[in-house]
Amino acid sequence: MGIIMIGKELISERYVTISHAKEIMTNKANVSELSYEHGCALDYLEKFAQLSAEDAENLVKELINLGLDEKTAIKIADILPDDEEDLKLIFYKSDIPKNSEEILDVVSQYK
């Protein structure tokens with residue numbers, strides 16, 4: 001989830017994919033020197049971002065169009081599950097959607 005703060009006041013928050021977070025951090029690194037913590041975060045994001053920010057955004061939109069909520073769609077875009085067993089891990093607190101095969105088909109197009 002992306003959080004925008006000025007000082008100690010929370011301005012807004014929203015969920016973002018790892019790929020989008022990587023893009024934000026990379027842009028910040030190009031503008032200024034990163035602190036140690038920001039450098040560690042960027043290193044993590046570079047290791048685990050599997051898609052470009054644009055592809056991740058498109059995948060999230062497609063998943064939302066299949067009836068998933070934004071938070072779940074972003075989690076799926078970050079993990080890129082291979083099969084129903086992987087999807088079950090994402091939906092551990094609820095039933096796996098009836099259109100799980102369709103979800104996996106869309107995800108496979110981005111791998």
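The residue count restarts for each chain, going from 1 along the sequence in the order it is written. Only residues with pLDDT of 70 or above have their local features reported here, since the model is predicted, and side-chain atom pairs are shown and tallied only from 80 upward, although totals for entire chains, interfaces and linings are computed over all residues. The basis for every side-chain value is the complete set of non-hydrogen atoms in the structure, without hydrogens or water.

1. Let's talk about the packing of helix α1 (residues 18–31) against helix α2 (residues 36–48)
Phase 1: Here, axes are lines fitted to C-alpha atoms. For helices the fit covers the stretch in contact, and angles between N-to-C directions go from 0 to 180 degrees. Helix numbering and strand numbering both begin at the N terminus, where a helix is a DSSP run of H or I of at least 4 residues and a strand a DSSP run of E of at least 2. Relative to each other, α1 and α2 sit at 135°, their axes nearing to 9 Å. Considered as vectors, α1 and α2 are oriented oblique to each other. In the crossing of α1 with α2, the sense of the turn from one axis to the other is left-handed. Side by side, α1 and α2 meet where I18, A21, K22, M25, T26, K28 and A29 of the first sit next to H38, A41, L42, L45, E46 and F48 of the second.
Phase 2: Each residue is assigned to one class: nonpolar for Ala, Val, Leu, Ile, Met, Phe, Trp, Tyr, Cys and Pro, charged for Asp, Glu, Lys and Arg, and polar for all the others, Gly among them. When its residues are assigned to classes, the contact of α1 with α2 shows eight nonpolar, two polar and three charged. If an angle is under 35 degrees, it is roughly parallel; if it is over 145, roughly antiparallel; if it lies from 65 to 115, roughly perpendicular; otherwise it is oblique. Each crossing gets its handedness from the near helix: less than a right angle anticlockwise from the far helix is left-handed, clockwise is right-handed. Contacts are assigned to residue pairs with any non-hydrogen atoms lying within 4.5 Å of each other.

2. A word on the environment of N27
Phase 1: Its place among the elements puts N27 in helix α1.
Phase 2: Residue burial is assigned from relative accessible area. The probe radius is 1.4 Å, only protein chains are included, and a residue is buried under 20% of its type maximum, exposed over 50%, and partly exposed in between. On the accessibility criterion, N27 (44% relative accessible area) is partly exposed.
Phase 3: Between the C-alpha atom of N27 and that of I11, which follows or precedes it by 16 residues, the distance is 20 Å.

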